[in-house]
Amino acid sequence: MSDKRFMHQALILAREALAAGEFPVGCLLVAEGRVVAHGSRTGSAGTAANEIDHAEMTALRRFYHRGAGHRCGELAAYCTLEPCLMCFGALLHAGVCRIVYAYEDAMGGGTRWPLDQLPGYYRRRRPVTVPHVLREQSLALFRTFFESPETAYLKNTALARYTLAQPLGPAPVSEGRHSSAPPHNTGRY
């Protein structure tokens, strides 16, 4: 299945980010069955975190830098962590029609935001959302990150507590497309 194949590639990017001391998020943008851009989280290591250089934003910058723009037709994003509201909005704006993610962001995930409550431009966007593809592998990376005494980013947040409480095992039952589900943020970053 191509979802797992592309998510495996996103997980490689996330592992590389983790090895560099960064938050373990990787993102691929895929069009017509091939990777057209990729990114991983930067700016989370150290004491002054940068909240703009998320993996999705990096991938989108590379996508546009290459001049791909909207010419790719069906564009999908493969993310090791559910995109936050900023990244979700940017993916919608870029015309991404399919968002596949591995691990749910219980604190800041944006894919469950009720699109009907957003302005018209975003309300018309209806991407298919596929959660929990290779969730266990992504969860293991986030557990490693939060368990490390060397990392401070997002320590003691709702996401850290949620992640450390998760058992490794099968993904929770999927709700399918989340456009009408309520926001699920459980705290501030």
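Above this text is the structure in question.
The present account deals with the structure reproduced in this document. Bear in mind the structure is a predicted one, so any value in this text is a computation, not a measurement.

### Re the packing of aromatic side chains
And then number 1: Using the criterion set out here, one finds nine aromatic pairs in the structure.
And then number 2: Ring geometry for Phe-23 and Phe-142: centres 5.2 Å apart, planes at 65 degrees, overall edge-to-face. Separated by 119 residues along the polypeptide, Phe-23 in the loop between α1 (2-19) and β1 (26-31) and Phe-142 in helix α5 (residues 135-147) bring together distant segments of the chain. For the pair formed by Phe-23 and Phe-142, the shared burial category is buried.
And then number 3: Centre to centre, the rings of Phe-23 and Phe-146 are 6.0 Å apart; their planes meet at 65 degrees, and the pair counts as edge-to-face. Taken together, the positions of Phe-23 in the loop between α1 and β1 and Phe-146 in helix α5 put the pair 123 residues apart, joining distant regions of the chain.

### Comments concerning the pairing of β1
And then number 1: A large share of β1 lies buried, amounting to six of its six residues.
And then number 2: Along β1, one buried face is formed by Gly-26, Leu-28 and Val-30 and the opposite face, lined by Cys-27, Leu-29 and Ala-31, is buried too.
And then number 3: The sheet contact formed by β1 and strand β2 (residues 34-40) spans six bridges and is antiparallel. Looking at β2, one finds that Gly-26 is bridged to Ser-40.

Cut-off values and rules
- Residues numbered from 1 in each chain as written.
- Predicted model: local features only at pLDDT ≥ 70, side-chain atom pairs only at ≥ 80, totals over all residues.
- Heavy atoms only, no water.
- Phe/Tyr/Trp six-rings, centres within 6.5 Å; stacked < 30°, edge-to-face > 60°.
- Helix = DSSP H or I, 4+ residues; strand = E, 2+ residues; numbered from the N terminus.
- Buried < 20%, exposed > 50% of the residue type's maximum accessible area, 1.4 Å probe, protein only.
- Pairing = 2+ DSSP bridges.

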